[in-house]
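Chain residues, written in single-letter form:
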Amino acid sequence: METSATSTSPTVLEIRGLTKFFGGLAAVRNFDLTLKHGELVGLIGPNGAGKTTVFNMITGLYVPTSGEIFFNGTNIVGLEPHEITRMGIARTFQNIRLFPNLTVLDNVRIAYHPHCGYTLSDGLLRTSRFNIKEKELTEQALDFLSIFQLDRIYNETAKNLPYGEQRRVEIARALACNPKLLLLDEPAAGMNPREIIELMDLIHFIRERFNLTILLIEHQMRVVMGICEWITVMDFGQVIARGTPKEIQENPLVIEAYLGKGVTHAA
Ligand SMILES: Nc1ncnc2c1ncn2[C@@H]1O[C@H](COP(=O)(O)OP(=O)(O)OP(=O)(O)O)[C@@H](O)[C@H]1O
């Protein structure tokens, strides 16, 4: 399978012994993962396996009970979500979290605002600096939208878009933060077959265009098996298998984890 990562690519993310308890429940236990620059890796497992909890710990929404998460060599455990975003980790959510009543353009412009270059008082007083910077921001956001072929619908209200386009806007907004690592949480959920094919092309495209490393949670096996170079499988909070898509499809522990729970689309 085509990959932009090689065995000598630098390590972007290294997770060691990551554990999260909610009361007596070990949602994630002793989780390890290493991502090399440019890799596209899948994280799969039955419902409740602990995948989103891993994402929530990487992005600082949950503080791990124990364990370490190194991003480009820095342990990011204990940092605030906005600090982690600023360091270069972006994510999308299982349920799309756009601002439904804002336009496509404004949804993306928001991602640029921490770097907008004007102060609150500039904004309140509508100074010339505010006007110049806002114009620059709009042009930058429109250029960015054109990369995703979303410029033609820049003025549409987000909630009125078809599901697949909302996902594209959400991915564009995540990339506007200029991340080095992108975490995608079930991007194909709710998509029709045509949207799924477009999504697979988009994920390949953004990896190359933005020189990204991507970690993907996905229940749609067609997507995971079709685009990921490596897959890690979780069940009941623990890693039960790692390997290539082919190895994972043939792994008896994986088949049992899925079939045992009545999910028949794993193989
Ligand atoms: N904030 C929380 N408080 C208590 N329990 C939680 C919390 N978040 C997750 N859990 C529990 O942790 C376990 C793992 O949940 P998680 O959402 O990480 O699974 P998942 O693999 O992402 O599942 P799915 O594929 O259904 O999204 C589940 O039993 C879940 O109920």
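Computed from a predicted model, the values in this text were never measured in an experiment.

Q: I keep staring at helix α1 (residues 51-58) and nothing clicks. Help me out?
A: Think of an α-helix as turning once every 3.6 residues; residues three or four places apart then point the same way. Most of α1 is tucked away, with seven of its eight residues classed as buried. Within the sequence span of α1, burial applies to Lys51, Thr53, Val54, Phe55, Asn56, Met57 and Ile58. Note on α1: the residue one or two positions beyond its end, glycine 60, has a positive phi of about 85 degrees.

Q: In this structure, what is going on with a nonpolar patch on the surface? I would like to understand it.
A: A contiguous nonpolar surface patch, about 370 Å² in accessible area, is contributed by Phe22, Leu25, Leu61 and Tyr62. Here leucine 61 lies in the loop between α1 and β4 (66-71).

Q: Looking at this model, I keep getting lost on the packing of helix α3 (residues 104-112) against helix α6 (residues 163-176). Mind explaining?
A: To characterise two packed helices, one gives the angle between the axes of the helices and the distance between these axes. The N-to-C vectors of α3 and α6 enclose an angle of 25 degrees; their axes lie 8 Å apart at closest approach. The angle between α3 and α6 places the two elements in the roughly parallel class. Regarding α3 and α6, the two cross each other, and that crossing is right-handed. For the pair α3 and α6, the contacting residues are Val104, Asn107, Val108, Ala111 and Tyr112 in the first and Val169, Ala172, Arg173 and Ala176 in the second. Taken together, the residues that form the contact of α3 with α6 break down as seven nonpolar, one polar and one charged.

Q: Just checking my understanding: could you explain the pairing of strand β1 (residues 11-22) for this structure?
A: Strand residues, when the strand is regular, have side chains that alternate between the two faces of the sheet. Taken together, the eight bridges between β1 and strand β2 (residues 25-36) define a ladder with antiparallel strand orientation. Bridging across to β2, threonine 11 finds its partner in lysine 36. In textbook terms, the turn of a hairpin is the stretch between consecutive antiparallel strands, and for β1 and β2 this stretch comprises two residues, one of which, glycine 23, has a positive phi near 60 degrees.

Q: Could you clarify how one ought to interpret the sheet that holds strand β5 (residues 74-75) in this entry?
A: Two orientations exist for strands paired in a sheet by backbone hydrogen bonds: parallel and antiparallel. As summarised here, the arrangement of the four strands in space is β2-β1-β4-β5, forming an open sheet in which the pairing is antiparallel. Only two strands of the sheet have a single neighbouring strand rather than two, namely β2 and β5. For β4 and β5, the ladder comprises two bridges, and the chain directions are antiparallel. Bridged to phenylalanine 71 within β5 is threonine 74. Strands in contact with α1 are β1, β2 and β4; relative to β1, the strand with the most contacts, it is inclined by about 115 degrees.

The rules we used
Residues numbered from 1 in each chain as written. Predicted model: local features only at pLDDT ≥ 70, side-chain atom pairs only at ≥ 80, totals over all residues. Heavy atoms only, no water. Buried < 20%, exposed > 50% of the residue type's maximum accessible area, 1.4 Å probe, protein only. Helix = DSSP H or I, 4+ residues; strand = E, 2+ residues; numbered from the N terminus. Patch = residues over 30% accessible without salt bridge, like charges linked within 9 Å, V, L, I, M, F, W, Y side chains within 5 Å. Areas by Shrake-Rupley, 256 points an atom, 1.4 Å probe, with all protein chains shown as cover. Salt bridge = Lys/Arg side-chain N within 4 Å of Asp/Glu carboxyl O. Axes fitted to C-alpha atoms, helices over the stretch in contact; angles between N-to-C directions. Parallel < 35°, antiparallel > 145°, perpendicular 65-115°, else oblique. Left-handed = near helix turned anticlockwise from the far one by under 90°. Contact = heavy atoms within 4.5 Å. Nonpolar A, V, L, I, M, F, W, Y, C, P; charged D, E, K, R; others polar. Pairing = 2+ DSSP bridges.

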